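Descriptive analysis of the structure
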Amino acid sequence: MKEIHFAKIKDTSGGGQRTAQIAVKPQKLQEIAYQEKSRIQTEYQELNNVLGGGIVRGSATLIAGDPGVGKSTLLLQLALSLSSTSKVLYISGEESVDQVKMRAVRIAETTNVAKTKKYNQQENDNLFLLALTDADAIVEQIIDMKPDLVIVDSIQTIESQNVSGLSGSVAQVRYAALQFIRTAKQYNIPIVIVGHVTKEGMVAGPMVLSHMVDTVLFLEGEKFAKTRILRSLKNRFGPVDEVGIFLMEENGMQEATNPEQLFVTQGGENVPGSVLVATLEGSRAFLVELQALAVTTRLPMPRRVVSGVDGRRVELLLAVLQKHCQLPLDTMDIFVNVAGGMKLTDPGIDLGICLAVYSSFKNIAVSKIVGIAEVGLLGELRAVTGLEKRVKEAEKLGFKNTITARKYKTLREVLSKIKN
Ligand code: TYD
Ligand code: MG
């Protein structure tokens, strides 16, 4: 018994005796030796930015996302690129080491990772794969090996006999994550944990995890679009709401070298129904193309088919267009889509949605116009956050004709200008 670490404290409230640990004493803030946590710079600038400047040593990061979105691919690329200088342990609970190797070769043969880091049997000999799902055995391996980075793919597959329940259950996930994170902190080894979520939202596992880790990243993207957005939802060591943009190509995840132009389709100019909006993601502004199609319907309940933006927001804007701008949209089927498969929740695109619908309805091309304003229920235009940034981004790409709440007061006023 390590009696020395404990002291008996008399409980004066009459509830008996309580044992408290007094090994740790309060320290003066002044006296604490502070060390800037060193970071591992990865080859992927988009990832470094999202993390706030690289992976912090000893930190725990959760990468969450839908199955198949590209989490394993991105992390394997990360492992590959770091393994020429550091020891990386990749724990795969889902795929066999053969499968991971096959993917590694495929990625390495064709991507920049291969070209710049020259992936080959000799040089990338510091990447260790381990197909294991036993949490306690994994901890032993980590302690034994003391790598520079650990990747656990995925936490839902890990289980321990110390806990009841199947892998993926809250108890199992919590236990495994706690062991891993504790080990990471103790040995100052950064750990990246993959967590799947379902379409319905955060399942129990990642939800529990997000409180335990230092950083939560979310990888999102549509199944049939290439764009992948890596978002930071929580970060103890950096900004939240940052985004990194990747493209899922045949040969792995590529950084989007010019993300500003990614969402603007080329050649769609001068077609009615297309308009540009300048949206804000984190601290970055992007130009995105919105498309709308308005066609006469015979249905008593006209159709509203929307993708990439909130359907209810669109309904509201259609009502505003009908009431305040006298467009008979109740006799039209309306389709609204965001080009490039991006999902937009920013109210600053309201005006863009209205313009795209109007453009299609009137058969007038407005593709050189960038709409940047929120639209209120009375048809008034409202200023949006980051206006300067958005306008600048549009101008940078050659679109000088921005429509903002600064120039126009109401939606009606804007539309009357376009008519001429
Ligand atoms: P994966 O990384 O396994 O997703 P996750 O780990 O998030 O479940 O990605 C699987 C998908 O990505 C699969 O549909 C195939 C596709 N993919 C590519 O398009 N290119 C590639 O180079 C790789 C490795 C996968
Ligand atoms: Mg995977």
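Preceding this section is the structure that the text describes.
All of the points below concern the structure found in this document. (Residues numbered from 1 in each chain as written. Chains lettered and ligands numbered in written order. Predicted model: local features only at pLDDT ≥ 70, side-chain atom pairs only at ≥ 80, totals over all residues. Heavy atoms only, no water.)

Describing the nonpolar core
Formed by 46 residues in total, the largest nonpolar core has its most connected members in Leu321, Leu344, Leu355, Leu381 and Leu411. Counting residues per element, the ones that place at least two in this core are β12 (243–249), β14 (274–281), β15 (284–296), α9 (311–325), β17 (332–338), α10 (350–362) and α12 (411–419). Examining the composition of this core, we find that seven residues originate from one element, α10, more than from any other. If we ignore the near neighbours within four places in the chain, the residues touching Leu344 are Val277, Thr279, Val288, Leu290, Gly308, Val309, Asp310, Val338 and Ile349. Formed by 33 residues, the second largest nonpolar core is a distinct cluster that contains Val163, Ile181, Ile193 and Val213. (Core = buried A, V, L, I, M, F, W, Y, C linked by side-chain atoms within 4.5 Å. Buried < 20%, exposed > 50% of the residue type's maximum accessible area, 1.4 Å probe, protein only. Helix = DSSP H or I, 4+ residues; strand = E, 2+ residues; numbered from the N terminus. Contact = heavy atoms within 4.5 Å.)

Here's the deal with the packing of α9 against α10
Orientation of α9 relative to α10, taken along the N-to-C sense of each, is 60°, at an axis distance of 10 Å. As the angle between them shows, α9 and α10 are arranged oblique. For α9 against α10, the interelement crossing comes out right-handed. Two secondary-structure elements touch here, α9 through Arg313, Val314, Leu317, Leu318 and Leu321 and α10 through Asp350, Ile353, Cys354 and Val357. (Axes fitted to C-alpha atoms, helices over the stretch in contact; angles between N-to-C directions. Parallel < 35°, antiparallel > 145°, perpendicular 65-115°, else oblique. Left-handed = near helix turned anticlockwise from the far one by under 90°.)

Quick look at the pattern of salt bridges
Here the idea is simple: oppositely charged side chains can pair when their charged atoms come close. Inspection of the entire model under this criterion finds ten salt bridges. The residue Asp214 makes a salt bridge to Lys185 at a minimum N-O spacing of 2.6 Å. Taken as a pair, Asp214 in the loop between α7 (204–212) and β10 (215–220) and Lys185 in helix α6 (residues 170–187) lie far apart in primary sequence, 29 residues in all. Accessibility expressed as a relative area gives 40% for Lys185, which makes it partly exposed. With a closest N to O distance of 3.4 Å, Arg382 and Glu374 form a salt bridge. Each of Lys185, Asp214 and Arg236 takes part in one network of salt bridges that share partners. (Salt bridge = Lys/Arg side-chain N within 4 Å of Asp/Glu carboxyl O.)

Observations regarding the environment of Gln45
Relative to the elements of secondary structure, Gln45 occurs in helix α1 (residues 45–51). On the basis of relative accessible area, Gln45 is assigned to the partly exposed category, the value being 44%. Sequence-wise, Gln45 and Ile245 are 200 residues apart; in three dimensions their C-alpha atoms are separated by 9.9 Å.

Brief notes about the site of ligand 1
Taken together, 16 residues lie around ligand 1, and Gly68, Ser72, Thr73, Glu249 and Gly252 are the ones closest in. Gly70 places a polar main-chain atom, nitrogen or oxygen, 3.0 Å from an oxygen atom of ligand 1. Gly252 places a polar main-chain atom, nitrogen or oxygen, 2.6 Å from an oxygen atom of ligand 1. For ligand 1, whose accessible area on its own is 550 Å², the fraction buried by protein is 75%. Contributions of two or more residues to the shell around ligand 1 are made by α2 (71–82), α3 (97–110) and β12. For the shell around ligand 1, the element with the most residues is α2, which contributes three residues. Split by residue class, the shell around ligand 1 holds three nonpolar, seven polar and six charged. (Near = heavy atom within 4 Å. Polar contact = N/O pair within 3.5 Å; in protein donor to acceptor, adjacent residues only side chain to side chain. Areas by Shrake-Rupley, 256 points an atom, 1.4 Å probe, with all protein chains shown as cover. Nonpolar A, V, L, I, M, F, W, Y, C, P; charged D, E, K, R; others polar.)

Remarks on the pairing of strand β11 (residues 227–235)
Among the nine residues that make up β11, seven are buried, leaving the element largely enclosed by the rest of the structure. Note that β10 and β11 share six bridges and pair antiparallel. Pairing of Thr215 across the sheet is with Asn235, part of β11. Of the pairings in the sheet, the one linking β11 to β12 comprises five bridges and is antiparallel in character. Its bridge partner being in β12, Leu230 is matched across the sheet by Gly244. (Pairing = 2+ DSSP bridges.)

A closer look at unusual backbone geometry
Note the cis peptide between Asp153 and Ser154, where omega equals 0°. Looking at the secondary structure, you find Ser154 in the loop between β8 (149–153) and α6. Unusually for a residue other than glycine, Asn188 sits at a positive phi of about 55°. Among the structural elements, Asn188 can be located in the loop between α6 and β9 (191–196). Residue Asn188 is classed as partly exposed on the basis of its relative accessible area, which comes to 40%.

Topic: the sheet that holds β14
Strand order in the open sheet formed by six strands is β16-β17-β15-β14-β18-β21, with mixed pairing between adjacent strands. Two strands lie at the open edges of the sheet, namely β16 (304–307) and β21 (402–404), each paired on one side alone. On average, each strand axis in the sheet is tilted by 25° relative to the strand beside it, whichever way the strands run. Sheet analysis places β15 next to β17, joined by seven bridges and oriented antiparallel. What sits directly across from Val295, in β17, is Asp333.

As for the environment of Glu222
When you line up the elements, Glu222 lands in the loop between β10 and β11. Take Glu222: its relative accessible area is 30%, and that puts it in the partly exposed class. Distance from Glu222 to Val69, taken between C-alpha atoms, is 7.9 Å for residues 153 residues apart in sequence. Each residue touching Glu222, except ones within four places of it in the same chain, is listed here: Thr227, Arg228, Gly341 and Lys343.

Section: the pairing of β12
Of all seven residues that make up β12, six are buried, and the element is covered over most of its length. Here four bridges tie β12 to strand β13 (residues 252–255), and the two strands are oriented antiparallel to one another. Across the sheet, Glu249 pairs through a bridge with Gly252, a residue of β13.

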